[in-house]
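Observations on the model geometry
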Amino acid sequence: MRRVVILGGGTGGTLAANRLRRRHPGRELEITVVDQDRAHVYQPGLLFVPFGLATPEEIVRPRDRQLLGGIAFLEQPVDRVDLGTDSVRLADGTELAYDVLVVATGARLLPGETEGLLGPGWMRDVFTFYDLAGAAALAARLATFEGGRLVVNVIDMPIKCPVAPLEFAMLADWFLEERGTRDRVEITYVTPLDAAFTKPVAARALAGLLDEKGIELVTEFNTGQVDGESGTLTSFDGREVPFDLAVVVPLHGGAEYVGRSPGLGDDLDFVPADPRTLQSTAKPNVFVIGDAASVPTSKAGSVTHFEGEVLVENVGRFLAGEPLDAEYDGHANCFIETGFHKALMIDFNYDTEPVGGHYPGPVGLPLLKESRLNHLGKLMFQWFYWHTLLPGRDLPGLGPDMPTAGKSLARNRGAGR
Ligand SMILES: Cc1cc2nc3c(=O)[nH]c(=O)nc-3n(C[C@H](O)[C@H](O)[C@H](O)COP(=O)(O)OP(=O)(O)OC[C@H]3O[C@@H](n4cnc5c(N)ncnc54)[C@H](O)[C@@H]3O)c2cc1C
């Protein structure tokens, strides 16, 4: 019996466990998933909660119920990993020995790292929608927000779903228009990047949309302090942005136990891995999936999903003593809500930046173009998440690699990193 221990039972840990179980249905593999809590949040749904378009109850399900039979689930925080003895210690002192370890503990929000962010204005005039409590509290605040300066601020990169704060700003424009208060609100998008987004072609399209919607864009703003009393963001170079209501995406880091596990992680507690095989650089029997990984692609559920197929193939090969030949190409895609029942879609990988065309083929969803079809795709995605993606089922015709059919690739290849 070989033992696979998976740390984290979110998107990546769950789909990896279920894919492994499907591939190795016999008793030769013992699979254990560890998570610190039981509530599996469909995180893309957090975007909709502040606008009353989803309730917290609608986007949360029990973690263990998403795992196929024959997978053990332990609800315990991970205390540390000992690479020397191939074992994990949990907070209650339990020791778990493994033949293969899969790190899937995602990214952690670190609001305490920014001066003043958790100060007097927190959850009164300063919010985040990146967790359930914040998204719900913001819904209550937005419902009574009658006017003033609404600032959406990304503190620093990397963050999960880098398009989510842009979507928030555009949905806020729609929400306020629907409520008849848009003309009383100035919306400002404040980012540390030198453009609206990291990828130049998508950044141009998104900056154009912000402009059309009357959303001011402030770039290269590295927030050093948030003052909830005076309503001011101050950058490290002394610039100020005033606000009445701030919606902030805090600094992200990897899970805390990574820092207590010598040799496992980097300075931010993310876990470096070969970007193609997903084998960690720490030790050959440790693999990494999802937001926990330090690889040069977005921290996104789509990335986690595409990585899952490659990771499970390579874990199987590793256990069989074979060379790892499954390769992840950096494929990522995102629906970007733009308000008024429309959305954009982008699709890219390590080597190719988002381009126009269609996904997944010539007659699919339009890329880099607002459409109602993309908005419907975004809404329907939650069903696919619970019923196809998490259970580790294959989607016919949709493999992990970025499809090239239907795309205008020639001009953009090689510009994606
Ligand atoms: C607001 C928002 C909107 C998003 N929208 C999209 C979108 O539209 N499209 C998209 O593709 N992606 C989106 N994402 C990103 C997506 O949700 C994540 O990239 C994805 O969930 C990553 O999966 P993961 O398994 O790496 O991490 P997670 O799903 O976060 O799972 C990590 C798990 O590890 C557990 N854990 C952490 N530390 C410990 C510990 N010490 N001990 C035990 N357990 C621990 C956590 O409890 C958690 O269950 C969004 C994210 C947010 C926040």
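Above: the structure in question.
Residues numbered from 1 in each chain as written. Predicted model: local features only at pLDDT ≥ 70, side-chain atom pairs only at ≥ 80, totals over all residues. Heavy atoms only, no water.

Turning to the packing of aromatic side chains, a few remarks are in order. Evaluated as defined, the whole model comprises 10 aromatic pairs. Measuring from centroid to centroid gives 5.2 Å for Tyr385 and Trp386, while their planes differ by 85°, and the two rings are edge-to-face. Both residues of the pair, Tyr385 and Trp386, belong to the buried class. In textbook terms, an aromatic cluster arises when at least three aromatic residues are bridged by ring pairs, as seen for Phe51, Phe129, Tyr130, Phe168 and Phe175. (Phe/Tyr/Trp six-rings, centres within 6.5 Å; stacked < 30°, edge-to-face > 60°. Buried < 20%, exposed > 50% of the residue type's maximum accessible area, 1.4 Å probe, protein only.)

Moving on, we come to the pattern of salt bridges. When the charged atoms of two side chains with opposite charge come close together, those side chains can pair. According to the stated counting rule, one finds 27 salt bridges in the structure shown. Among the ionic pairs, Arg3 bridges to Asp99, the shortest N-O distance being 3.3 Å. You can see Arg3 sitting in strand 1 (residues 2–7) and its partner Asp99 sitting in the loop between strand 8 (95–97) and strand 9 (100–103), a full 96 residues away along the chain. Residue Arg179 pairs with Glu146 through a salt bridge whose shortest N-O separation is 3.6 Å. (Salt bridge = Lys/Arg side-chain N within 4 Å of Asp/Glu carboxyl O. Helix = DSSP H or I, 4+ residues; strand = E, 2+ residues; numbered from the N terminus.)

A word on the side chain of Glu307. Looking at the element boundaries, Glu307 is found in helix 6 (residues 301–319). Lacking a salt bridge, the buried Glu307 has Lys299 as its closest oppositely charged neighbour, with an N-O distance of 8.2 Å. One polar contact links the side chain of Glu307 to the main-chain amide nitrogen of Gly290, over a distance of 2.7 Å. Once residues within four sequence positions are removed from consideration, Glu307 is found in contact with Leu278, Ile289, Gly290, Val295 and Tyr328. (Lys, Arg positive; Asp, Glu negative; His and termini not counted. Polar contact = N/O pair within 3.5 Å; in protein donor to acceptor, adjacent residues only side chain to side chain. Contact = heavy atoms within 4.5 Å.)

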